[in-house]
Amino acid sequence: SGIKSIVLNSNIKSIKEGAFRECDSLESVTINGVETIEDQAFLNCGNFKLIFNCPPPKILGENIFTGSSPIIQRPLGVSGWGDEWAGFKVNVIR
């Protein structure tokens, strides 16, 4: 797929199974309200930024990042985050 960047607005609550599967051109995904990420949503997507402008999703499927190396980012002041999420370091954007 040729998708490089996508912004999911606050009314999108779920990323469905395999939604971005094999999107190896993906550079960034900005999330503003997702509560669920289903199985293999980002399977084989390579390296990309995953930017959360909301608390972390509460429900995670299996193997959501298999074959991918997301860089997890969130703005300073967004609550609910720890130092890691889904096995990846969370970077704070200042």
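No experiment lies behind these values; they were computed from the predicted model shown.

The rules behind each value
- Sequence order as written defines the numbering, with residues in each chain counted from 1.
- Reporting in this predicted model follows two pLDDT cut-offs: at least 70 for local features of residues, and 80 or more for side-chain atom pairs to be given and counted; totals over whole chains, interfaces and linings ignore these cut-offs and use all residues.
- Excluded from the side-chain calculations are hydrogens and water; all other atoms, namely the structure's heavy atoms, are used.
- Think of it this way: DSSP has to see at least two bridges between two strands before they count as a pair.
- Helix and strand assignments follow DSSP, with helices taken as H or I runs no shorter than four residues and strands as E runs no shorter than two, numbered in order from the N terminus.
- In what follows, a contact means two residues having at least one pair of non-hydrogen atoms within 4.5 Å.
- Pairs of N or O atoms are called polar contacts if they sit within 3.5 Å, as long as, within protein, a hydrogen donor faces a hydrogen acceptor (for residues adjacent in sequence, only side-chain-to-side-chain pairs).

Visitor: Before we move on, can you summarise the pairing of strand β5 (residues 46–52) with the specific residues and values?
Guide: As judged from the four bridges shared by strand β3 (residues 28–31) and β5, these two strands associate in the parallel manner. Its bridge partner lying in β5, Ile31 is registered against Phe52. Note: β5 against strand β7 (residues 68–75), six bridges, orientation parallel. Within β7, the position partnered with Ile51 by the bridge is Gln73.

Visitor: Describe in detail the environment of Ala86, supporting the description with residues and values.
Guide: Turning to its location among the elements, Ala86 is positioned in the loop between β8 (84–85) and β9 (88–93). Linking Ala86 and Ile72, residues 14 residues apart in sequence, is a C-alpha distance of 9.6 Å. In this structure, Ala86 is in contact with Leu60 and Phe65, ignoring residues within four places of it in sequence.

Visitor: Would you mind going over the sheet that holds strand β6 (residues 59–60) in detail, with residue names and values included?
Guide: Backbone hydrogen bonds are what pair the strands of a sheet, in a parallel or an antiparallel way. In space, the three strands of this open sheet follow the order β2-β4-β6, with parallel pairing throughout. Each edge of the sheet is formed by a strand with only one pairing partner; in this case those strands are β2 (14–15) and β6.

Visitor: Outline the side chain of Gln73, listing residues and values.
Guide: Take Gln73: it is sitting in strand β7. Each residue touching Gln73, except ones within four places of it in the same chain, is listed here: Lys49, Leu50, Ile51, Phe52, Asn91 and Ile93.

Visitor: Requested: an account of the side chain of Ser68, with residues and values cited.
Guide: Tracing the backbone shows Ser68 in strand β7. Separated by 3.5 Å, the side chain of Ser68 and the backbone nitrogen of Asn44 make a polar contact. Those residues in contact with Ser68, other than ones at most four positions away along the chain, are Phe42, Leu43, Asn44, Cys45, Gly46, Phe48 and Phe88.

Visitor: So, the sheet that holds β8: which residues are in play, and what are the values?
Guide: Taken in spatial order, the six strands make up an open sheet running β1-β3-β5-β7-β9-β8, and their pairing is mixed. Each end of this open sheet is capped by a strand with a single partner; those strands are β1 (5–8) and β8. Pairing geometry for β7 and β9, over four bridges, is parallel. Residue pairing for β9: Pro75 is matched across the bridge by Ile93.

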